[in-house]
Amino acid sequence: MTDERRKGYDGTGEGAITPDGCAVEVWSRLPVGNAPEVIEAAVPPGANILELGCGVGRMTHPLTERGFTVTAVDESAEMLARVREGVRTVRSPIEDLDLGERFDVVMLASFLVHAGDVTVRQRLLATCRRHVAEGGCVLVQREGEDWHLNVPRETAIGPGAWSRLVSATPVGDGVNSVRCEYEFPDGTWTQTFLSRPLGTGEFEQALADAGLTVERYLTEDRTWVRARPAE
């Protein structure tokens, strides 16, 4: 099954492709890296986490194993079908989500804050602000500031497997069309998506406009950020 694509987003390869061009099979295979450790170090033990754009549960599962309670949100039924039984899942576009609940931690990963459409970005961050408890925090994963310049590049993601950022082509209004390729011994998948590069000042202003204040950059490359509701 293939969901209807968003404009400017596409994907190829075997299996289900989500509206933003992600191949479910690829996300089931990609390594999670050090993200669970970064998150665990940045939030209180046992925190109640709202994970926006959880995909197949790459981060959901290690976080639940570390004692966190996770509510996992994604718009793709095929992605959510791979989240382990026992995890609370919600199928919804992030922009439309309103659970009427507040969480210790709201997490917006996968560089979603770089949505090409400014209105979409504003709505994503509004969802974060709407669901974070007073005294809670929002964790955001952003792109490295040279990621659209240092292309093409590739990263090993397993035995005989590679992730490649093939190109980042300007399409106007500060937005790039980004093409990625994922090569495994048994197949190749691609994803094309729209991304708006954000310098530190632009990123912090975007959060401020949503009622969030950057508190601390959590990693040396400044790609993981902890923000708090503005007073």
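Right, let's walk through the structure included here. (Residues numbered from 1 in each chain as written. Predicted model: local features only at pLDDT ≥ 70, side-chain atom pairs only at ≥ 80, totals over all residues. Heavy atoms only, no water.)

1. Side note on the nonpolar core
If you look at the biggest cluster of nonpolar residues, it comprises 27 residues, and the most contacted ones within it are Leu-52, Val-106, Leu-108 and Phe-203. Every element with two or more residues in this core is listed here: strand E2 (48-52), strand E5 (103-108), helix H5 (118-131), strand E6 (132-141), helix H6 (200-209), strand E11 (212-217) and strand E12 (224-229). Looking at this core, the element that brings in the most residues is H5, giving 4 residues. Setting aside anything within four residues of it in sequence, one finds Phe-203 in contact with Val-113, Val-140, Arg-142, Leu-198, Val-214, Tyr-217 and Val-225. With 21 residues, the next largest nonpolar core counts Cys-22, Met-79, Ala-168 and Val-178 among its residues. (Core = buried A, V, L, I, M, F, W, Y, C linked by side-chain atoms within 4.5 Å. Buried < 20%, exposed > 50% of the residue type's maximum accessible area, 1.4 Å probe, protein only. Helix = DSSP H or I, 4+ residues; strand = E, 2+ residues; numbered from the N terminus. Contact = heavy atoms within 4.5 Å.)

2. As for the sheet that holds E2
As summarised here, the arrangement of the 7 strands in space is E4-E3-E2-E5-E6-E12-E11, forming an open sheet in which the pairing is mixed. Taken across any chain shown, the strands that pair with only one partner, and hence form the sheet edges, are strand E4 (88-91) and E11. Averaged over neighbouring strand pairs, the angle between their axes works out to 25° when direction is ignored. Summarising the sheet, strand E3 (residues 69-74) and E4 pair through 4 bridges and their orientation is parallel. Directly across from Asp-74, in E4, lies its bridge partner Arg-91. Those strands touched by helix H2 (residues 35-42) are E5, E6 and E12, and its axis lies near 30° from that of E12. Sheet strands in contact with H6 are E6, E11 and E12, and its direction is about 135° off that of E11. (Pairing = 2+ DSSP bridges. Axes fitted to C-alpha atoms, helices over the stretch in contact; angles between N-to-C directions.)

3. Considering H6
Among the residues making up H6, those that are buried are Phe-203, Ala-206 and Leu-207. For H6, the arc enclosing every buried residue in end-on projection is 95°, short of the 170-degree limit, so these residues lie on one face. Among the exposed residues of H6, those oriented more than 90 degrees off its buried face are Gly-201 and Asp-209. Check the buried side of H6 and you find it contacts H5, E6, E11 and E12. In the stretch just after H6, Gly-211 is the one whose phi turns positive, near 85°. (Arc of directions from axis to C-beta.)

4. Considering the sheet that holds strand E10 (residues 187-195)
Spatial ordering of the open sheet is given by E1-E10-E9-E8-E7, a layout of 5 strands whose pairing is antiparallel. Each of the sheet's edge strands pairs with one partner strand only, and the pair in question is strand E1 (10-12) and strand E7 (153-158). The average undirected angle you get between the axes of adjacent strands in this sheet is 20°. Where strand E8 (residues 161-172) and strand E9 (residues 175-184) come together, 9 bridges link them in antiparallel fashion. Along E9, the bridge assignment pairs Arg-164 with Glu-181.

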